[in-house]
Amino acid sequence: MSGAARLVSDDEPLYVISVAAEMAGMHPQTLRQYDRLGLVSPRRTGGGGRRYSLREVEMLREVQRLSQEDGVNLVGIKRIMELEAEVHELRTRLASMEEVAQGRDSYLPVPAFASALAVYRSRP
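Residues numbered from 1 in each chain as written. Predicted model: local features only at pLDDT ≥ 70, side-chain atom pairs only at ≥ 80, totals over all residues. Heavy atoms only, no water.

A.B. asks: Quick question: what am I supposed to make of the overall build of the protein chain here?
C.D. replies: Helix and strand content of the protein chain: four helices and two strands. In the protein chain, the succession of helices and strands from N to C terminus is α-α-β-β-α-α. The buried share of the protein chain, taken over its 124 residues, is 19%. Restricting the contact set of the protein chain to residue pairs at least 6 apart, pairs at least 24 apart contribute 50%. A total of about 9,500 Å² of accessible surface is found on the protein chain, and carbon and sulfur atoms cover 54% of it. (Helix = DSSP H or I, 4+ residues; strand = E, 2+ residues; numbered from the N terminus. Buried < 20%, exposed > 50% of the residue type's maximum accessible area, 1.4 Å probe, protein only. Contact = heavy atoms within 4.5 Å. Areas by Shrake-Rupley, 256 points an atom, 1.4 Å probe, with all protein chains shown as cover.)

Structure follows, in structure tokens:
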């Protein structure tokens, strides 16, 4: 790399577990536990090391806040995070459909299907 600065996405996995733990104000073992529970699951390197993005560090801080300030247990926190992700997804889909309805976009996204049915008919 030439040393030129580049923009980094909030979703880019940059931070090793010790750095992410320090940024979130937690012990690295806590981050490992959250990963095992599926609360905040960072991406992995080829060697299996965890790499956290800035967005995931923010999620860790939110888990800590919900736990310490609001007294929510980890199962409840996981459910809250799942519901928030679902709401975000639905809002994104709704905004896309509103654009189509208002004529700003002629593309209507079609959901992907896990399987398809193909029917074959031989010609007589």
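A.B. asks: What's the story with the packing of helix α3 (residues 54–68) against helix α4 (residues 74–101) in this structure? I'm lost.
C.D. replies: Helix packing geometry: the angle between the two helix axes and the distance between the axes. Running from N to C, α3 and α4 cross one another at 130°; their axes reach a closest spacing of 10 Å. Between α3 and α4, the crossing angle belongs to the class labelled oblique. With respect to the hand of their crossing, α3 and α4 are arranged in right-handed fashion. Contacts between α3 and α4 involve M59, V63, L66 and S67 from the first element and I77, I80 and M81 from the second. Residues of the contact of α3 with α4, tallied by class, amount to six nonpolar, one polar and no charged. (Axes fitted to C-alpha atoms, helices over the stretch in contact; angles between N-to-C directions. Parallel < 35°, antiparallel > 145°, perpendicular 65-115°, else oblique. Left-handed = near helix turned anticlockwise from the far one by under 90°. Nonpolar A, V, L, I, M, F, W, Y, C, P; charged D, E, K, R; others polar.)

A.B. asks: It is not clear to me how the environment of R79 should be interpreted in this structure. Could you clarify?
C.D. replies: As for its placement among the helices and strands, R79 is situated in helix α4. The spatial distance from the C-alpha of R79 to the C-alpha of L39 is 9.1 Å, given a sequence separation of 40 residues.

A.B. asks: What exactly am I supposed to notice about the nonpolar core here?
C.D. replies: In summary, soluble globular proteins display a tendency toward joint burial of nonpolar side chains. Within the largest apolar cluster, 16 residues are counted, with the highest numbers of intra-cluster contacts made by L31, L39, V40, Y52, L60 and V63. Of all elements in the fold, only α1 (17–24), α2 (28–37), α3 and α4 reach the threshold of two or more residues within this core. Setting aside anything within four residues of it in sequence, one finds Y52 in contact with E12, P13, L14, Y15, I17, A20, L31, V40, P42, V57 and L60. (Core = buried A, V, L, I, M, F, W, Y, C linked by side-chain atoms within 4.5 Å.)

A.B. asks: Is there a simple way to explain the pattern of salt bridges in this structure?
C.D. replies: One side chain can pair with another of opposite charge once the charged atoms of both are near each other. Summed over the entire model, instances satisfying the criterion amount to nine salt bridges. Among the salt bridges present, the one from R65 reaches E62, with a minimum N-O distance of 2.8 Å. With R65 and E62 both in helix α3, this residue pair falls three residues apart, about one helical turn. Residue classification places E62 among the partly exposed positions, given a relative accessible area of 27%. (Salt bridge = Lys/Arg side-chain N within 4 Å of Asp/Glu carboxyl O.)

A.B. asks: Is there a simple way to think about the packing of α1 against α2 in this case?
C.D. replies: Orientation of α1 relative to α2, taken along the N-to-C sense of each, is 100°, at an axis distance of 8 Å. Taken together, α1 and α2 sit at an angle that is classed as roughly perpendicular. In contact with I17, S18, A20 and A21 of α1, α2 contributes P28, L31 and R32. Here the residues of the contact of α1 with α2 are counted per class, giving five nonpolar, one polar and one charged.

A.B. asks: Please explain the environment of R65 as it appears in this structure.
C.D. replies: Note on R65: relative accessible area 29%, which makes it partly exposed. Within the structure, R65 has its side chain in polar contact with the side chain of D70 (distance 2.9 Å). (Polar contact = N/O pair within 3.5 Å; in protein donor to acceptor, adjacent residues only side chain to side chain.)

A.B. asks: I tried to follow α1 on my own but got confused; where do I start?
C.D. replies: Since the α-helix turns once every 3.6 residues, residues separated by three or four places project in the same direction. Considered for burial, the residues of α1 that qualify are I17, A20, A21 and A24. The arc enclosing the buried residues of α1, seen along the axis, measures out at 100°, which places them on a common side. Of the surrounding elements, those touching the buried residues of α1 are α2, β2 (50–51) and α3. Phi for G25, located one or two positions after α1, is positive at around 75°. (Arc of directions from axis to C-beta.)

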